[in-house]
Amino acid sequence: MNIDINQRAADNIRILSMSMVEKSKSGHPGGAMGGADFIHILFSEFLSFDPDDPSWINRDRFFLDPGHMSPMLYSILTLTGHFTVEELKNFRQWGSATPGHPELNILKGIENTSGPLGQGHMMAVGAAIAERFLAARFGELFTHKIFTYISDGGVQEEISQGAGRLAGFLGLGNLIMFYDSNDIQLSTETKAVTIEDTGMKYTAWGWNVIQIDGNDQIQIRKALTSAISQKNKPTIIIGKTIMGKGLLDNEGNSFERKTSTHGMPVSEAGGSFEKSIVNLGGNISDPFQIFPEVKEHYVKVLRDKKKTASEWKKLKDEWAAKNREPDKKLYSFYSQEVPEIDYKSVLHKEGSATRAASADVLGVLAKKNENMIVASADLSNSDKTDGFLKNTHAFTKGDFTGAFLQTGVSELTMAAVMNGMALHGGIIPACGTFFVFSDYMKPAVRLACLMGLPVKYIWTHDAFRVGEDGPTHQPVEQEAQLRLMEHLKNHHGENSMVVLRPADSAETTVAWKMALENKKTPTALILSRQNIKDLPSEDNNRYAEALQSEKGAYIVQDCKGRPDIILIASGSEVATLVEGALLLKNDGMNIRIISAPSEGLFRNQPESYKRSIMPDDIPIFGLTAGLSVTLQGLVGPKGIIWGMNSFGYSAPYRILDEKLGFTPDNVYRRVKEYLAWLKS
């Protein structure tokens, strides 16, 4: 083994990382320089990938957790041919392929968007579960490893507990994590905030723990070799590394292990950029140089990677020839195909809660969608994801033949795991909990929106009607927060999320249909705890009418002639409007009722459609169990909304409806007052 060329490659990564930050006058050089040895050994000797086919399904995955260490990742991916030197020079600039924190781009070798510490390695856990799930169905040919890289900050973030506990519990032997333990944080040394024994902590969770000098390439190689042979436990390699390895100050003295180099260019931190380049064997006149011998070394590395991938693909072709149906299924999994489902035949009890209607649909999906994994945060019997669970079984250590993940009480963990499954590919991930606990999930939901991951969120107990549980469990402001994601565009110009609050069982079925057909963004289903009267159907075909939900809002009940007022709501409030409209009709009024499960989808419709159901010159009354602002974009500045503008209260939900004004009688009174005010 030529140790010199490997050291030379690591030093090249250090110089490139330092130079990117120096040129942009922004970034984090120190950690990237400390991690260069590990990242070089991993990518050149252990990570399996195809340079000619970045989306090869059986590649090993690498998930970066500390996104601020992007210079390290961009540098190694330049050596592997994914990036150009010119792209490195454009680090952190407008339109750059090398932003300050990596953004999902499989063709560039970037497996995950990283930045919020802790989430990257949690996504790796999700990918490791996905790999085990698929290997259990298609065989050992499809096994591969999930590597992830974490920093001191990621270990401190609370989500790391969820990752450690869950991966250890499930015995994810395919998961290998390098912990870059350099004892330096952005503003302090780690000893200023923690005295924990990280190795003991992960041992307690059931991990295989290896401790090494993280800058010793021989130890790195030995640790990775040992970790790859591990079958029944995830492995954490705790590598003590040197922050800013190789840095010198202006006097030529060591400038390593400095807090300042964590988050600013070397020259601004007090070190010498020029002397450090020379110390690492670089050329001051060309700091972005790829050393010729390193370039030559990686030519051989990439040739070997291509050969290994080619050999696997030949084996896969042989397998496919003998297993035609499984091969078709495998293709359908990775191409995100959804099987034909006769949604209109899904049966519901009359007047069901939408969470119960969702359970009915999930029972069908469990039998039809063979690559769907559903998770719940210790609430499967209450969020009714058990409709899926009753047709499969939960994952346990060594058994991934089921399709359900009991994550325990850990909503953020669950959401990030779902992201990892989606990133791995081949999986339709869905997860459930109470809507109020979406607050715990939002950091991961936001990343799903940014990355365009088709995760399905099942949020039940959608309003104050949780009742006796009191205000801690009664969502009020949550829907307004989620609706903002329908306003926010992703980088492809799409609504970053589809948020659906169905009004009855039929709309719930359609909502699931829409969720499975949405392969570009996350979808949220906001569902009721309490029973809801089915909406009336003129043609006795409620499902067909509910299909209009795909437009975001539609007329569920209309009048002859011009409406005197339009009533609009989503979820269970639509049924309340229907009852309130009966009282108004008794006064001879013409009423139009609109169900609006998705404001975002409605805004995407042609103006002609929007005006056809909600003309500008007709008064609008909105009813929402969320903040009044939830409906503001639909009723407009001249409309009026009856909503919740305080936290909830503890009482049976029917009492709350009465006390808070969510009754047909109050709809009648408020509409009458509103119209009288307009005439005054």
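So, here's what we can say about the structure. Bear in mind that the values here come from a model prediction, so they are computed numbers and not experimental data.

Scoring rules and cut-offs
- Residues numbered from 1 in each chain as written.
- Predicted model: local features only at pLDDT ≥ 70, side-chain atom pairs only at ≥ 80, totals over all residues.
- Heavy atoms only, no water.
- Helix = DSSP H or I, 4+ residues; strand = E, 2+ residues; numbered from the N terminus.
- Buried < 20%, exposed > 50% of the residue type's maximum accessible area, 1.4 Å probe, protein only.
- Areas by Shrake-Rupley, 256 points an atom, 1.4 Å probe, with all protein chains shown as cover.
- Lys, Arg positive; Asp, Glu negative; His and termini not counted.
- Charge placed at Lys NZ, Arg CZ, Asp CG, Glu CD.
- Pairing = 2+ DSSP bridges.
- Right-handed = clockwise from strand over helix to strand, strands pointing away.
- Core = buried A, V, L, I, M, F, W, Y, C linked by side-chain atoms within 4.5 Å.
- Contact = heavy atoms within 4.5 Å.
- Expected span 1.5 Å × (residues − 1).

## Some details on the overall build of the protein
- Of regular secondary structure, the protein possesses 27 helices and 16 strands.
- Expressed as lengths along the three principal axes of its C-alpha atoms, the size of the protein is roughly 90 × 60 × 45 Å.
- Residue burial in the protein is summarised as follows: out of 680 residues, 61% are buried.
- Counting every atom, the protein has about 26,700 Å² of accessible surface; 51% of that belongs to carbon and sulfur.
- A gap of 2 Å separates the mean positions of the 73 positive and 80 negative side-chain charges of the protein.

## Considering the pairing of strand β13 (residues 565-569)
- The buried fraction of β13 amounts to five of the five residues, a majority that puts the element mostly inside the structure.
- Taking every second residue as pointing to the same face, both faces of β13 are buried, with I565, L567 and A569 on one and I566 and I568 on the other.
- Here β13 pairs with strand β14 (residues 591-595) via five bridges, running parallel. Bridging from a neighbouring strand, L567 pairs with I593 of β14.
- You can see the chain leave β13, run along helix α22 (residues 573-585) and come back into β14, and the turn it takes is right-handed.
- Looking at chain direction, β13 and strand β15 (residues 620-623) are connected through four bridges and run parallel. Note that in β15 the partner of L567 across the bridge is F621.

## Here we look at the nonpolar core
- V125, I129, L405, Y457, M497, W512 and L567 are the most contacted members of the largest nonpolar core, which has 148 residues in total.
- Top contributing element to this core by residue count: helix α6 (residues 119-138), with 11 residues.
- Leaving out residues up to four positions away in the same chain, W512 has contacts with Y343, S358, V361, L362, L365, M372, A430, K456, I458 and L525.

## Focus: unusual backbone geometry
- Positive phi values are uncommon outside glycine, yet D183 reaches one of about 70°.
- Here D183 shows up in the loop between β3 (175-181) and α9 (198-204).
- In the Ramachandran plot, N540 falls in the positive-phi region, its phi being about 55° despite a non-glycine side chain.
- Inspection of the secondary structure assignment puts N540 in the loop between β11 (523-526) and α21 (542-546).

## Overview of helix α8 (residues 159-170)
- The terminal C-alpha atoms of α8 lie 17 Å apart, and with 12 residues this matches the ideal 16 Å at 1.5 Å per residue to within 8%.
- Summarising burial for α8: nine of the 12 residues are buried, a large majority.
- Here α8 has its buried residues at I159, S160, G162, A163, G164, L166, A167, G168 and L170.
- Those residues of α8 hidden inside the fold are in contact with α6, α7 (152-156), β3, α9, β7 (404-406) and α17 (411-424).

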